Amino acid sequence: MSNKAPRGVRLAIALAGRRNAGKSSLINALTGQMTAIVSDTPGTTTDPVAKHYELLPLGPVTFHDTAGLDDTGELGQLRMSATRKVLNRSDVAVVVVGEEGVTDHERGIIETIRGLSIPIIVAFNKSDLRTPSSEELAAVRAEGAPCLVVSAQNGSGVDALKQAIIDAAPLEFRQERRLVGDLVSEGDWVVCVVPIDLAAPKGRLILPQVQVLRDLLDSDAVAVTVKEREIEAVLAGMGRRPALVITDSQVVMSVAADVPEDIPLTTFSTLFARHKGDLRRLVRGADAIDSLKDGDTVLIGEACSHHNVADDIGRVKIPRWISQYTGRDLRFEVYAGHDFPDDLERFSLVIHCGACMLNRTEMLRRMAECERRGLPVTNYGVAISKVQGVLGRVISPFPELGDSAT
Ligand SMILES: Nc1nc2c(ncn2[C@@H]2O[C@H](COP(=O)(O)OP(=O)(O)O)[C@@H](O)[C@H]2O)c(=O)[nH]1
Ligand code: SF4
Ligand SMILES: [Mg+2]
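Attention in this report is confined to the structure presented alongside it. This is a predicted model, so every value here is computed, not measured.

Quick word on the pattern of salt bridges
Okay, so step 1: Going through the model one piece at a time under the given rule, you end up with 17 salt bridges.
Okay, so step 2: Between Arg346 and Asp343 there is a salt bridge, with the nearest N and O atoms lying 2.7 Å from each other.
Okay, so step 3: Arg346 sits in the partly exposed class, given a relative accessible area of 38%.
Okay, so step 4: On the accessibility criterion, Asp343 (36% relative accessible area) is partly exposed.

A few points about the sheet that holds strand β12 (residues 331-336)
Okay, so step 1: Within the open sheet, the four strands sit side by side as β12-β11-β13-β14. Their pairing is parallel. Each edge of the open sheet carries a strand with a single partner, namely β12 and β14 (377-379). Direction aside, the axes of adjacent strands within the sheet are offset by 25° on average.
Okay, so step 2: Contacts between helix α14 (residues 380-387) and the sheet are confined to β11 (297-302), β13 (349-352) and β14, with β14 contributing the most and set at about 85° to the helix.

Things to note about the sheet that holds strand β4 (residues 92-97)
Okay, so step 1: If you walk across this open sheet you meet the six strands as β2-β3-β1-β4-β5-β6, and the pairing is mixed. Because the sheet does not close on itself, it has two edges, and the strands there are β2 (49-55) and β6 (147-149). When strand polarity is set aside, the average angle formed by the axes of neighbouring strands in this sheet is 25°.
Okay, so step 2: Across three bridges, the pairing between strand β5 (residues 120-124) and β6 is parallel. The residue of β6 that forms the bridge with Phe124 is Val149.

A short note on the site of ligand 2
Okay, so step 1: Looking at ligand 2, there are eight residues lining it, with Cys304, Cys353, Gly354, Cys356 and Met357 nearest.
Okay, so step 2: Across the shell around ligand 2, the residue classes tally to six nonpolar, two polar and no charged.

Thresholds applied
Residues numbered from 1 in each chain as written. Chains lettered and ligands numbered in written order. Predicted model: local features only at pLDDT ≥ 70, side-chain atom pairs only at ≥ 80, totals over all residues. Heavy atoms only, no water. Salt bridge = Lys/Arg side-chain N within 4 Å of Asp/Glu carboxyl O. Buried < 20%, exposed > 50% of the residue type's maximum accessible area, 1.4 Å probe, protein only. Pairing = 2+ DSSP bridges. Helix = DSSP H or I, 4+ residues; strand = E, 2+ residues; numbered from the N terminus. Axes fitted to C-alpha atoms, helices over the stretch in contact; angles between N-to-C directions. Contact = heavy atoms within 4.5 Å. Near = heavy atom within 4 Å. Nonpolar A, V, L, I, M, F, W, Y, C, P; charged D, E, K, R; others polar.

Taken by themselves, the reported measurements are silent on function.
This is the structure in structure tokens:
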């Protein structure tokens, strides 16, 4: 792929609709590429296909071609569940209507997407063959969904569809969200503490660290990056007080001891909890650690399937720390990548990673789904800070937390 933006910052657009409505053709027309398989045989797109594209002025997006929500039979069921998975992580859904017009099928699809609270656009395709009546358009618009009349064949309406997608994109994709930039001013010094241990990938930094460093540079702050062993010496020799210290959660306890109380301190994970999720709710979710009982199962959610290392944070360190802190006999199950179990009821707590590879919409949707089923959600950094007794300190730099930052 030519475009290497991290997946988490790409807007995910799903095209849904019945087989043969022209979803694959429309993706080709939108991207000007011929990668989605187009065919006269219904159901050719057996697996969802993803296509990257630079949708200006929005930026990098991915179009997800789905297999259709109307599939019947066993294979059809599989495709439908694959389609639902794609929808779960989409920020905008385009319902493609074919020659049949809007029938109960399309209404069902619209309802499904509505239920997931995804912004929806209805595209009446094949306008070279058939144009929808004004009643048909009015009925869909009455449901609050913007309607467009397009033809993947001759390209008419395709630019308007692009604009409608841009307009429907959730606000966070149109407004730049700051990771750390709102906490620092031009010229501020910020110390970043990055332990280089067994779990550190060879020859590079991990994405959350890279993104924080980039945001600090974008803010015209001075980023000083050190290992935890050097922090005291650096603070002593710096000759000025840093505006903020950002540490990896795994060494937060020793860093908290080395950094004077009057210097604001937070963790990379806490910044990501705020950036990708809802920090207030993740902090509240961490309260559930105190009520874990013997035999409870904790879900460890990792948004990407990075390879396991000897002293892995999600598989080894967090289970050890939580078990030690609670003194309970707990079970931990790790789910990596886009897999998130359906039977959430059997878990007592979700501890999620920083979600740097997820977009905020997907993280918020995961949190909402858990909370709907009464399952508290917290994240790595918040949980670690809690069991190490420094949670109040690492959330105090965030004024928006108000009372909960105590
Ligand atoms: N006339 C016409 N045919 C179209 C249009 N869009 C798609 N098709 C045709 O409809 C058939 C199904 O298209 P496809 O993109 O594979 O549909 P999908 O199953 O929804 O992905 C193919 O034969 C396409 O060439 C259109 O706007 N006009
Ligand atoms: S596990 Fe989570 S925080 Fe870590 S790199 Fe993957 S997405 Fe990012
Ligand atoms: Mg197709």
